[in-house]
Amino acid sequence: MPASKSIVTRLILVITLCGALIFVITFGYNYYQSRLVLERELENNARNLAMSLVNRVESELISVSKVTEGVARSLETGSYSEEQLHAQWSMLVADTILAQAVLVIRLVPAEQQCMVCFQKYHPLNKETR
């Protein structure tokens with residue numbers, strides 16, 4: 001009988017170890033595959049988040065560029081005194097970091113050129129057309 005117990009215990013031990021080995025291999029493979037899937041999902045989520053931030057920044061920059069283009073057009077077409085330009089600058093940069101900046105204005109008189117005789121002249125009444 002002791003010989004049969006040793007065979008039984010050996011079989012139990014071998015079957016248990018094989019079962020444990022199968023479970024360890026299965027769980028290890030499942031862990032590895034789950035990790036790969038999570039890494040891919042994290043990369044996709046990070047890429048989507050970065051693209052959404054890029055789109056938000058781009059939309060803000062587009063709106064800022066439209067405002068600056070409008071201000072540039074109004075400054076080009078209008079005739080402003082130095083005080084009016086300072087007042088407009090103060091209004092534009094109020095509550096921004098640029099509010100503490102010093103604005104230096106140098107007015108340059110407009111100069112036009114005749115395309116027939118190429119003579120340069122300064123327009124009267126500060127009009128440029």
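In this text the structure is predicted, and so the values were computed from the model without any measurement.

K.L.:
Explain unusual backbone geometry here, please?
P.N.:
Keep in mind that most residues, glycine aside, have a negative phi and that most peptide bonds are trans. Phi at Phe-118 takes a positive value of approximately 60 degrees, unusual for a residue other than glycine. Inspection of the secondary structure assignment puts Phe-118 in the loop between strand E1 (112-113) and strand E2 (120-121).

K.L.:
Please clarify how the packing of aromatic side chains should be interpreted in this entry.
P.N.:
The description of an aromatic ring pair uses the distance of the two centres, along with the angle that the planes make with each other. A complete count under the given rule lists one aromatic pair for this structure. Judged by centre distance (6.1 Å) and plane angle (20 degrees), the rings of Phe-23 and Phe-27 are stacked. Here Phe-27 and Phe-23 lie together in helix H1 (residues 2-77), a separation of four residues that amounts to about one turn. Considered together, Phe-23 and Phe-27 belong to a single accessibility category, that of exposed residues.

K.L.:
Is there a simple way to think about the side chain of Gln-88 in this case?
P.N.:
By secondary structure assignment, the location of Gln-88 is in helix H2 (residues 82-92). Under the relative-accessibility criterion, Gln-88 is labelled buried at 18%. When near neighbours in sequence (up to four residues on either side) are disregarded, Gln-88 contacts Ser-74, Leu-75 and Tyr-80.

K.L.:
Honestly, the pattern of salt bridges in this entry has me stumped. Any pointers?
P.N.:
A side chain of one charge can pair with a side chain of the opposite charge when the charged atoms of the two come close. As enumerated under the stated definition, the model contains two salt bridges in all. The partner of Glu-39 in a salt bridge is Arg-35, with the nearest N and O atoms 3.4 Å apart. Of this pair, Glu-39 and Arg-35 are both found in helix H1, four residues apart, which corresponds to roughly one turn of the helix. Look at Glu-39 and you get partly exposed, because its relative accessible area is 37%.

K.L.:
Explain the environment of Tyr-121 here, please?
P.N.:
Structurally, Tyr-121 is set in strand E2. What makes Tyr-121 partly exposed here is its relative accessible area of 39%. When the C-alpha atoms of Tyr-121 and Ala-110 are compared, they prove to be 8.8 Å apart, with 11 residues separating the residues in sequence. When neighbours within four sequence positions are excluded, Tyr-121 is seen to be in contact with Ala-110, Glu-111, Gln-112, Gln-113 and Cys-114.

What counts and what doesn't
- Residues numbered from 1 in each chain as written.
- Predicted model: local features only at pLDDT ≥ 70, side-chain atom pairs only at ≥ 80, totals over all residues.
- Heavy atoms only, no water.
- Helix = DSSP H or I, 4+ residues; strand = E, 2+ residues; numbered from the N terminus.
- Phe/Tyr/Trp six-rings, centres within 6.5 Å; stacked < 30°, edge-to-face > 60°.
- Buried < 20%, exposed > 50% of the residue type's maximum accessible area, 1.4 Å probe, protein only.
- Contact = heavy atoms within 4.5 Å.
- Salt bridge = Lys/Arg side-chain N within 4 Å of Asp/Glu carboxyl O.

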